Amino acid sequence: MTLAVDPPEPPTLDFVDPNEYEDATISGGSEDIDYRREELQKFLENGAWEDAFEEWRTDTNLDQREFGIARDLDLFAEFDFFWDDFADRVGYHAPGIPEDWQAREYHPELDTWGTVSAINAALTEFGQVVSVTLKAEYIDWEAAYEPPEDLPDFD
């Protein structure tokens, strides 16, 4: 069932070291790494976000109420996308509702762990769709990472 909603605005990609996220690890870890956020931001604004959203909304299990909660909490604005040169991919950090949502009275319509889990899972799925869309349809650069020559041959 297709979710009948308009796409939210794409996030603004600010500099954050992806290694600070619990759900992302980037090899290299140097401050000199170019995460190419400016280019990714332009791609998101020029159609990648909407393209990915259209694909995601046709397959998501999120219902109108759950989507409304995610939108009310402005979770879509909290996404982060960055170039992971080592893995030759677009990495991402998906926002989510924290574990202490009940104690914090996070949103008046959040009522069960099932709702929280559904929203968090759907946001992760959306991040993956955006990542794949960016890499497959927008990015025209190649990874610059060159592995050391002294790596063992596992063939």
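Residues numbered from 1 in each chain as written. Predicted model: local features only at pLDDT ≥ 70, side-chain atom pairs only at ≥ 80, totals over all residues. Heavy atoms only, no water.

Draft legend 1. Examining the overall build of the protein chain more closely. Counting its secondary structure elements, the protein chain contains three helices and two strands. Each helix and strand of the protein chain, ordered N terminal to C terminal, gives the series α-α-β-β-α. Of all 155 residues assigned to the protein chain, the portion counted as buried reaches 41%. Partitioning the contacts of the protein chain with sequence separation of at least 6, the portion at a separation of at least 24 is 74%. Total accessible area computed for the protein chain in this model is approximately 9,300 Å², and 45% of it derives from carbon and sulfur atoms. (Helix = DSSP H or I, 4+ residues; strand = E, 2+ residues; numbered from the N terminus. Buried < 20%, exposed > 50% of the residue type's maximum accessible area, 1.4 Å probe, protein only. Contact = heavy atoms within 4.5 Å. Areas by Shrake-Rupley, 256 points an atom, 1.4 Å probe, with all protein chains shown as cover.)

Draft legend 2. Up close: the pattern of salt bridges. Summed over all chains, the structure comprises seven salt bridges. Two residues, R89 and D84, come together in a salt bridge whose shortest N-O distance is 3.1 Å. Under the relative-accessibility criterion, D84 is labelled buried at 3%. (Salt bridge = Lys/Arg side-chain N within 4 Å of Asp/Glu carboxyl O.)

Draft legend 3. Fine view of helix α2 (residues 64–72). For α2, the complete set of buried residues consists of E66, F67, I69 and A70. The arc that holds every buried residue of α2, seen down its axis, measures 155°, which confines them to one face. Tucked into the core, α2 has its buried residues touching α1 (37–59) and α3 (113–138). Of the residues flanking the start of α2, the one acting as N-cap is D63, its side-chain oxygen 3.1 Å from the backbone nitrogen of R65. Phi turns positive, to about 60°, at D74, one or two residues after α2. (Arc of directions from axis to C-beta. Polar contact = N/O pair within 3.5 Å; in protein donor to acceptor, adjacent residues only side chain to side chain.)

Draft legend 4. Highlighting the environment of L44. Mapping L44 onto the fold places it in helix α1. Other than its neighbours up to four places away in sequence, L44 contacts P10, P11, L13, W49, F81, V130 and L134.

Draft legend 5. View of the pairing of strand β1 (residues 80–84). Counting buried residues in β1 gives five out of five residues, a clear majority hidden from the surface. Burial along β1 is two-sided: the residues D80, F82 and D84 and F81 and W83 are all buried. Between β1 and strand β2 (residues 89–93), which follow one another and run antiparallel, lie four residues, and D88 among them has a positive phi close to 55°. (Pairing = 2+ DSSP bridges.)

Draft legend 6. Fine view of α1. Taking 1.5 Å per residue as the helical rise, α1 with its 23 residues ought to reach 33 Å, whereas the 27 Å between its terminal C-alpha atoms falls clearly short. Those residues of α1 not exposed but buried are R37, L40, Q41, F43, L44, G47, A48, W49, A52, F53, W56 and R57. Buried positions along α1 lie against α2, β1, β2 and α3. (Expected span 1.5 Å × (residues − 1).)

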